[in-house]
Every structure is written in structure tokens, then in C-alpha cells.
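Each chain is listed here by its residues.
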Amino acid sequence: MNVLNVAEKPSVAKSVSAILSRNQGMRMREGRSRYNKIFEFNYTIRGQPCHMLFTSVTGHLMELEFDERYRKWHACNPADLFRAPVNKYVPEDKKDIKRTLEEEARRCQWLVLWLDCDREGENIAFEVVDVCTAVNPRLNIKRARFSALIEREIHHAVQNLEEPKKCLADAVDARQEIDLRIGASFTRFQTMLMKDAFVIDTATDGRNLVLSYGPCQFPTLGFVVERYWEIQAHEPEQFWSINCAHDSDGRIAKFSWMRGHLFDYTCAVIIYEMCVEEPTATVTNVRQQEKLKYPPHPLNTIELEKRASRYFRMSSEHTMKVAEELYQAGFISYPRTETDNFSSRTDLHTIVQEQQGHPEWGVYAQRLLDPGTGLWRNPRGGGHDDKAHPPIHPTKFSTGESGWSQDHRKLYELVVRHFLACVSKPAVGAETTVEIDIAGELFSACGRVILEKNYLDVYHYESWGGSLIPTYTIGQQFIPTTLILDSGVTRPPPLLSEADLLSCMDKEGIGTDATMHDHIKKLLDRFYATKDANTRFTPTNLGEALVMGYDDMGYKLWKPYLRAVMERDMKFVSEGNKSKADVLATSLQLMEACFLDARVNKGKLLEAMAIFFERSNRSGNDELHAMGVVRRCGLCQESDMVLRKNRDGNFMVGCVGYPQCRNAVWLPGSLSEAVVTTNTCNICTPGPVYLIQFKFRQLEIPPNYSVNHLGCIGGCDEILSQLTEICGRGSRMPARPRGPTAPTSNAHHTNPRQRPCMNCQETGHSSNDCPLRSGNVGHRGRSEHNGEASVSCSSCGTPCILRTANTANNRGRKFYSCQSQECNFFVWEDSLNNGTGGRSATRSNSIPSSNPRRGGGRGSRGRGGQTGAHTAATTFVSATGDPISGRRCFRCGDPSHFANVCPNRGV
DNA sequence: GCAAGGTC
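Scoring rules and cut-offs
Residues numbered from 1 in each chain as written. Chains lettered and ligands numbered in written order. Predicted model: local features only at pLDDT ≥ 70, side-chain atom pairs only at ≥ 80, totals over all residues. Heavy atoms only, no water. UniProt positions renumbered as here; feature names shortened; annotations may be inferred. Helix = DSSP H or I, 4+ residues; strand = E, 2+ residues; numbered from the N terminus. Contact = heavy atoms within 4.5 Å. Core = buried A, V, L, I, M, F, W, Y, C linked by side-chain atoms within 4.5 Å. Buried < 20%, exposed > 50% of the residue type's maximum accessible area, 1.4 Å probe, protein only. Salt bridge = Lys/Arg side-chain N within 4 Å of Asp/Glu carboxyl O. Near = heavy atom within 4 Å. Polar contact = N/O pair within 3.5 Å; in protein donor to acceptor, adjacent residues only side chain to side chain. Nonpolar A, V, L, I, M, F, W, Y, C, P; charged D, E, K, R; others polar. Pairing = 2+ DSSP bridges. Axes fitted to C-alpha atoms, helices over the stretch in contact; angles between N-to-C directions.

By the naming in an unreviewed UniProt entry, chain A goes by DNA topoisomerase and is assigned to Vigna unguiculata. One UniProt comment on chain A, placed under Sequence similarities (unreviewed entry), says "Belongs to the type IA topoisomerase family." UniProt annotates chain A under Cofactor (unreviewed entry) with the comment "Mg(2+)".

This is the structure in C-alpha cells:
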């Protein structure tokens with residue numbers, strides 16, 4: 001009987017073949033693919049002599065793609081991608097493997113699937129089955145389940161063959177389809193929306209700029225942006241603490257205040273003065289304890305990446321590349337593993353023995369193997385096991401190979417030292433804690449002596465500080481050598497390092513051990529974030545704007561929740577508790593609704609981008625001309641009606657389903673500007689029908705009509721109908737030059753100061769200069785204006801307009817906003833009434849959000865975190881809430897400010 | 001030009 005065996009990768013095909021054949025009578029021959037060899041040997045399965053043919057794939061054999069007609073970006077509406085047909089196909093670079101499988105399957109009776117024993121492995125198994133059964137439907141299909149490439153496991157697996165599990169593969173099918181549909185739809189949507197609308201000056205090296213969205217890459221970006229916002233929002237606050245030191249027997253004990261620190265200066269001073277008046281310290285407690293510092297758990301992929309980043313500042317992506325090369329050359333075990341627990345069957349001693357000859361750590365390895373030293377300890381597991389691979393460990397001794405780079409050496413050394421540390425005893429220290437009392441205040445000091453370094457001898461990446469303190473006895477009294485009142489300022493957390501980012505992703509289940517580094521690299525490739533020399537990530541303007549835009553919409557697409565829900569559903573499918581179809585239907589329905597909503601609210605994305613980027617003047621692009629969704633098309637019921645500006649400069653509202661759907665509303669030819677607002681019509685149905693802010697050319701409309709008009713295209717708008725009737729529709733108007741230089745305008749120009757303003761009917765200014773004009777703020781979308789100017793901007797002096805907020809948290813709340821585009825001043829009306837005063841838009845008094853930039857316009861960067869600084873008007877209040885009189889700056893004595901904003905702070 | 005998951 002001929003048995004075709006297929007593994008997930010060539011190395012497994014080779015290892016399993018070697019185990020089953022016991023390296024006797026095994027022949028290797030080439031397959032169609034140069035990497036995937038075929039091993040042949042004889043083996044007996046449950047008494048049945050078999051001729052075994054063992055080959056492999058290289059991961060997934062197939063990919064999921066849309067039908068041909070949906071692949072071109074402009075061929076369909078991105079929303080269609082939620083329902084477009086998808087197919088699995090074998091990509092060109094896997095065709096050779098497919099051919100090998102077909103040729104071998106034709107002459108076999110059995111197919112045994114040796115794919116990795118996880119969800120993806122099961123899915124690949126079904127891809128192999130599809131290819132093989134297409135040429136040989138009579139194949140008897142079996143699954144070999146093994147948890148390690150160990151002789152006993154492998155023989156057991158082949159003698160106890162099982163059935164492949166469809167529900168595991170189904171879970172992956174669902175994941176693939178959801179990832180593809182939401183990734184492609186959102187990527188096309190946001191790329192086409194923004195790429196030509198803004199000047200995004202990133203050096204793409206000739207590549208097309210793609211603003212991709214993915215359910216893993218976006219939450220990864222979210223972690224980076226969130227930390228950045230946290231730093232921006234930080235308001236430094238001064239605190240005080242009392243520190244005490246005692247110098248005796250040539251040793252120093254540094255006592256820290258058990259209250260930690262106080263933010264109330266007066267309280268701190270009062271307590272400090274009490275201590276100074278009665279400085280005698282009495283020892284109240286002396287505690288001596290043995291402390292252990294444990295070696296790390298066995299190494300898995302994420303830990304390898306984190307430690308290489310921390311110790312060598314190597315990027316996770318580069319680490320995996322180097323690790324892969326070491327693995328391919330046989331020096332370390334398989335580097336993509338979740339497992340941090342050695343199987344009890346692993347021969348750990350042999351691995352240590354191989355390292356005995358090394359000039360640097362060979363002696364340590366010898367000590368480990370000597371039972372007399374007592375250094376050996378069986379490794380503690382970290383509780384993770386992917387059932388497919390052991391923790392990363394050395395598999396071949398080397399003192400460095402000629403082809404190795406410094407990074408190869410460092411990584412191999414890390415793997416070896418980590419392994420040796422894992423099988424070593426923890427370091428042992430003796431800790432002494434001393435507590436003292438000074439005038440009723442408690443202080444403590446700690447000293448440590450390292451008794452046994454143990455694993456720290458080989459794992460020199462870690463250290464354990466030790467310091468000797470004087471000897472104390474309970475009841476002993478002494479006068480401290482120093483007793484001082486120290487001040488400090490709270491600091492924001494640091495930017496996320498690569499190791500932090502990996503931890504966030506691991507904790508929230510973003511990506512797999514084999515893909516996390518890809519998602520991090522993608523942030524850099526897409527220009528969403530940058531990494532500094534200390535491996536810390538800062539979002540770029542582009543990355544921040546995208547997250548801000550979605551956040552302003554109220555969608556948490558940049559949070560890990562979506563992936564968590566998907567993972568939960570995948571688990572249900574793989575356990576057979578939900579069907580693939582159910583999960584696909586509910587998940588995609590939800591995401592499609594979210595997509596359509598995001599498209600309606602794309603103004604938020606554009607607003608966020610406008611904070612960081614200049615608008616582009618490029619034309620000829622569809623998206624530039626499609627200026628916002630006005631309503632759902634009532635004719636085709638499938639697509640949206642969008643406001644457009646045609647090439648001849650005329651406006652219309654047309655269905656995006658054109659040319660299949662030709663529904664259109666032509667607007668008056670006298671229009672010079674039109675902007676879709678976030679306000680909706682109360683009359684027209686089905687809603688929402690978004691109102692449009694129109695601006696007409698003054699000389700082309702009758703004098704009794706206003707140049708500015710907030711109108712509706714749903715049929716209820718009498719003024720719009722009249723103007724359309726009077727001026728004719730744009731579609732029939734000849735193209736004309738636009739703008740103030742148009743000769744027709746100049747011909748009849750009158751002095752605007754002699755005529756009443758078209759906007760407010762006052763004289764002395766034109767409607768362009770009207771203080772009640774809404775123009776500038778509209779594109780920032782803060783909210784509609786109510787048109788009442790009663791406050792001047794304290795920043796630039798320009799009159800402010802009273803507006804009504806339209807955000808989720810503050811809907812209906814009034815605020816004054818500076819009209820100047822260059823100024824960010826705004827103030828809540830109710831804060832004026834209660835006397836707290838106005839400020840430039842920053843986190844502390846802006847629209848509450850996790851996003852400190854919201855509410856801020858261009859120019860607000862870098863100001864966050866600085867506001868909230870105590871001002872002259874601050875009333876000083878103690879911790880109990882009582883006002884404190886006479887409070888002054890700690891540094892210069894000025895009562896008008898706190899020390900943290902003192903002009904002499906740097907002196 | 002798009003996702004994420006395998007892998008050489």
C-alpha cells in the first residue's frame with residue numbers, strides 16, 4: 001500500500017521520516033518544488049506493510065481572493081466587498097507544490113496529514129485534501145496528531161490515526177473571509193478618500209501610498225497612539241516627600257517615607273518641620289528574609305523578540321529573520337512557538353552537555369551537569385503550550401560560524417544562555433528591612449546581600465542590585481545624617497517600546513507569535529508610526545489622524561475589541577458550538593453596517609486629517625469630487641447619493657451606483673460652494689438626509705435671496721426649488737471661470753460697505769467679512785453655529801461665535817469658538833457663567849474624550865499636557881478642602897503661581 | 001494598491 005504523508009513544512013517531513021524509518025532504507029528525491037523534497041521508506045501501520053512517501057507544503061497552500069471582477073479597486077464600490085463572491089486558489093508560487101501532491105496522490109491509497117496540530121494546521125490539511133482528492137477521489141484520508149517531534153509521539157501518532165476535524169478548519173475559513181472583506185473594504189475606502197484629498201508628504205520610494213486597515217495592524221497602531229495621547233495629556237504635578245539617610249559603620253541606609261509623597265506642600269512642610277524639631281529616629285522593626293530571584297521561563301517566540309529588543313535593540317522582524325536562519329542551519333529549534341514549557345520527555349541534560357566546550361559558558365554548563373554543585377533545577381513552565389513545538393533551545397553547538405553576523409552570534413548566545421539559565425537554580429539573596437519612627441512618621445530602608453548568584457552567573461542580561469546597610473536593633477535610637485524635604489514632578493509614561501508593544505499585543509490577542517512582528521513592521525511600512533533608537537514608537541501624523549478620525553466617529557476600530565470578538569467566535573466554531581455560516585453572517589453584517597456608517601461619517605476622518613495635512617488642489621479624482629454622502633439612494637436602494645462637483649464646476653447629488661443607477665439631483669448653476677453638513681432634515685424621509693451648506697454667486701441670484709443657505713435636496717426646501725427654477729440647473733449651464741476674478745462679477749462690483757450684509761443685513765461689511773459667518777469652522781466640523789457673537793477670543797481678539805456641540809458626550813452644549821482658522825480658542829458657555837474662564841482648546845477643557853486633540857485645530861500639537869498648569873487665579877486648597885492662605889511658589893516665593901510653572905524653575 | 005495566516 002502506498003501512503004502519501006504531508007507535513008506543514010519540509011523540516012517536519014524530514015524529521016518524521018527519519019524517526020519512522022529509523023534512518024534505515026530512507027531515500028530522498030526531488031519534488032516539483034525545490035524546497036519540498038520527497039522521502040521514501042517502508043513502514044508498518046497496524047500490521048499493514050506500507051510504502052511511505054513523505055513530502056510537505058510550506059504553510060498555507062491556498063489563498064482567499066475576491067472574484068476577478070472585484071479585484072480592481074475602481075471596479076466596484078468598496079461596500080460591495082462585504083458580499084462579493086470569494087474563492088480559494090493556489091497562488092503561482094505554490095503551483096509546484098500542488099503539482100507534486102497531485103502526482104504523488106495519484107499512485108497512493110492513503111493520505112496521512114501531518115500538519116501542525118493547531119487551527120491553521122487543520123485548515124491547511126483540508127487544502128491538501130482538496131488538491132489530492134481532486135485527482136484521486138478514492139484516497140483514504142487520515143490525520144496524524146502529535147505534540148512534539150519525539151520518537152514515541154510520532155510512532156504513537158501513526159499507529160493511532162484519526163479523522164481530520166472540519167470545525168477547526170472552518171474557524172480559520174471564517175477568520176480568513178472576515179479579515180479579507182473588512183481589510184479590503186476599509187483599505188480601499190480610506191485610501192481613496194484621503195490620498196488625493198490631502199498633501200501627504202511621505203517618501204514612498206515610488207510605491208503607491210496605501211492607507212491600509214487591518215484587524216491586527218490597526219489595534220497595534222491604537223496601542224501606539226493611545227500611549228502617545230496619554231503622554232500628551234499628562235499634566236505635571238509637583239509633589240513633596242521627606243527623605244532620610246543614616247551613615248554608620250561606613251555604610252549608608254537610605255530611608256524612604258512610608259507615606260510615599262504628598263501633593264500638598266503645606267502638609268508636607270508641616271510634617272517635615274515636626275520631624276526636624278524632633279529628629280531622633282527609633283528603630284521599630286528589623287526584618288530579615290531570604291529572597292529568591294527566579295530564572296526566566298523557557299523561551300518562546302514572543303519572549304525571544306522582547307528580550308532581543310531589550311538587550312540588543314533588535315527589531316522583532318529582524319530577530320525573526322535571524323532566528324529563522326539559525327533554525328534553517330540547525331543551530332536552534334523551531335523559532336515560532338508559543339510553548340514555554342519543556343515536555344518531561346525532552347532530554348535537557350544532552351542539550352547542556354553539547355555546550356560544555358564553549359569558551360564562555362562551557363564551564364557553567366559543566367557546573368550544571370555536576371550533581372555536586374546542586375546548580376541544576378528542572379525548569380519552571382510558563383503555562384503556554386501550542387502542542388506543536390518545544391520552547392526555543394540550542395540544537396547544535398557552535399562557537400560562531402564564519403557566515404554569521406554579530407546579530408547571529410548575539411541571538412544564538414541569547415538562546416543558549418537562556419536555556420542554561422532555565423535549568424539553573426534561582427539566585428538567593430538576604431534582605432534586611434528596617435523601619436524607623438521620627439516624630440510619629442514612619443520610614444523604611446532595605447538592604448540586600450546576594451548569597452548565591454546561580455543562574456545570574458550565565459544570564460548576564462539580568463542583574464540584581466545589592467547594597468549593605470548598617471546593622472540595627474529594635475529600640476535603637478539615632479540622629480539621621482540627613483533629613484530633607486525633596487520635591488519632584490509627576491512625569492508621563494514613556495513611549496511604548498517594541499517589547500511593550502509585543503506585550504500589549506500578546507495580552508489582547510492581536511496576531512500570533514508568528515505574525516506579531518509583521519504587524520509592527522506594517523506600522524512602519526505604512527508610515528503610521530516611527531521607531532527611535534531606543535525602540536520606542538511614536539505615531540506619525542498620518543497614524544494619529546486615522547485613529548483620531550475613527551475615534552471621533554465613535555468607533556473603536558483601533559481598539560483590540562473587534563479582534564477579541566472574532567477570536568471568541570472562532571473558538572466557538574472550532575469547538576462546534578457555532579457554525580461557520582452563522583459567525584460569518586453576524587460578523588460581516590455588523591462590520592458592513594459599521595462600514596456604511598463610517599462612510600456616512602467620513603467627514604470626521606477628513607476633519608482629523610485636516611488637522612495635520614494641507615488640503616490637496618489635485619483634481620480629476622472621483623473622491624475629490626464626491627464631497628460627502630447626502631442620503632441613501634431611493635431609486636436603487638443600494639448605494640448612497642453623494643454631493644459631487646463636475647468638471648465644469650457645477651454641483652449635483654448623484655448615486656454612487658452610476659452608471660447602473662442614474663438617480664441624480666441637479667443643483668442650481670449659480671452655486672459657488674456646497675458642503676455636506678452633519679445636520680439632518682427633520683422633514684424628508686427616509687432619513688437621514690444631510691443638509692448642505694450652499695453658497696451662491698451673488699450676482700446670479702435675485703437680490704432678495706441670501707448668498708448662504710443651509711438647504712435640503714430631499715424635496716422640502718422651497719428656497720432651493722425657487723433658485724433652481726430661477727437660475728436653471730447646473731447640468732445645463734455652460735462652463736465658466738470660477739472665483740472672484742470672474743469678469744462678470746467685476747463688471748457690476750459695488751462697494752460692499754454701502755450695501756447691507758447678505759448674511760446679517762448689517763452695513764459696514766460684506767457677507768464675506770460678516771462676523772456671524774460660519775465659513776471657516778464648518779470644515780473642522782465642530783458643530784453648527786447659532787450665530788451670536790458676544791465673546792472676543794482672548795488669544796487673537798477675533799470675535800467668537802456661539803455654537804452648539806454635536807458630539808456624543810456634549811450634544812447640545814453651547815460653546816464659543818474663535819472664527820480664525822489659525823486659532824484654536826474655544827470655551828464652554830457654561831464655564832463662562834461659573835467663572836472658570838476660557839482657554840485654548842486642549843485636553844483639560846476640550847470635549848471630553850480619550851483623544852486630547854479633539855476640539856483642537858491646526859497648531860494645537862504639542863500644547864496638550866501643558867494646560868491645567870496652576871494659574872494666578874487658583875485658590876490653594878489643602879487635602880481636606882480648606883482654603884490655604886499665604887501659599888506661595890516653593891522656589892521664588894511668588895504667591896501667583898506654583899513652583900512647577902515658576903519662571904525660575906530652571907535656575 | 002487591500003487582510004492575516006502559514007512558510008522558504
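A separate point is the environment of K37. Structurally, the position occupied by K37 is in the loop between β2 (27-29) and β3 (38-45). The sequence separation of K37 and P10 amounts to 27 residues, and the corresponding C-alpha distance is 7.0 Å. Sequence-distant contacts of K37, that is, excluding residues within four places in its chain, are made with M28, R29, E30, F54, T55 and S56.

To continue, consider unusual backbone geometry. For the bond running from T685 to P686, omega is -10°, close enough to zero to count as cis. For P686, the position within the fold is in the loop between β23 (671-680) and β24 (690-696). Its identity is not glycine, yet R46 carries a phi of approximately 50°, on the positive side.

In this structure, F186, M194, F198 and Y550 are the most contacted members of the largest nonpolar core, which totals 65 residues. Take this core: its biggest share by element is 8 residues, from helix α5 (residues 166-194). Discounting chain neighbours no more than four positions away, the residues touching Y550 are F186, F189, Q190, F218, Y555, L557, W558, A598 and L605. Judged by nonpolar contacts, the second largest core, of 40 residues, contains I332, A365, A427 and L456.

With that settled, the discussion passes to the pattern of salt bridges. Under the definition given, this model contains 48 salt bridges. Residues E127 and K88 are paired through a salt bridge, measuring 3.7 Å at the closest nitrogen-oxygen approach. One end of the pair, E127, is in helix α3 (residues 119-135); the other, K88, is in strand β6 (residues 86-89), and 39 residues separate them in sequence. Look at E127 and you get buried, because its relative accessible area is 1%. On the accessibility criterion, K88 (32% relative accessible area) is partly exposed. The salt bridge partner of E462 is R307, with a shortest N-O separation of 3.4 Å. Pair noted here: E462 is in the loop between β13 (441-452) and β14 (477-478) and R307 is in helix α8 (residues 301-312), with a separation of 155 residues, a long-range link. What makes R307 buried here is its relative accessible area of 10%.

On to the protein's contact with DNA strand B. Neighbouring DNA strand B are 43 residues, the closest being Y35, K94, Y334, T515 and H519. For DNA strand B, the fraction of protein-proximal atoms (within 4 Å) that sit in sugar or phosphate groups is 67%. Within the backbone of P215, an N or O atom sits 3.5 Å from a phosphate oxygen of DNA strand B. Between a phosphate oxygen of DNA strand B and a side-chain N or O atom of R336, the distance comes to 3.1 Å. Considering every element that reaches the surface near DNA strand B, the biggest residue donor is α5, with 9 residues. Among the residues forming the surface near DNA strand B, the class breakdown is 12 nonpolar, 16 polar and 15 charged.

Moving on, we get to the sheet that holds strand β11 (residues 281-293). Here we have 7 strands laid out as an open sheet, ordered β14-β11-β12-β13-β10-β9-β15, and antiparallel in their pairing. Strand pairing shows two members of the sheet lacking a second neighbour, β14 and β15 (482-489), which therefore form its edges. In the sheet, β11 pairs with strand β12 (residues 427-438) via 12 bridges, with the strands oriented antiparallel. What sits directly across from T282, in β12, is D437. Here helix α7 (residues 265-277) sits on the sheet and contacts β9 (238-248), β10 (251-257), β12, β13 and β15; the angle it forms with β15, its principal contact strand, is near 170°.

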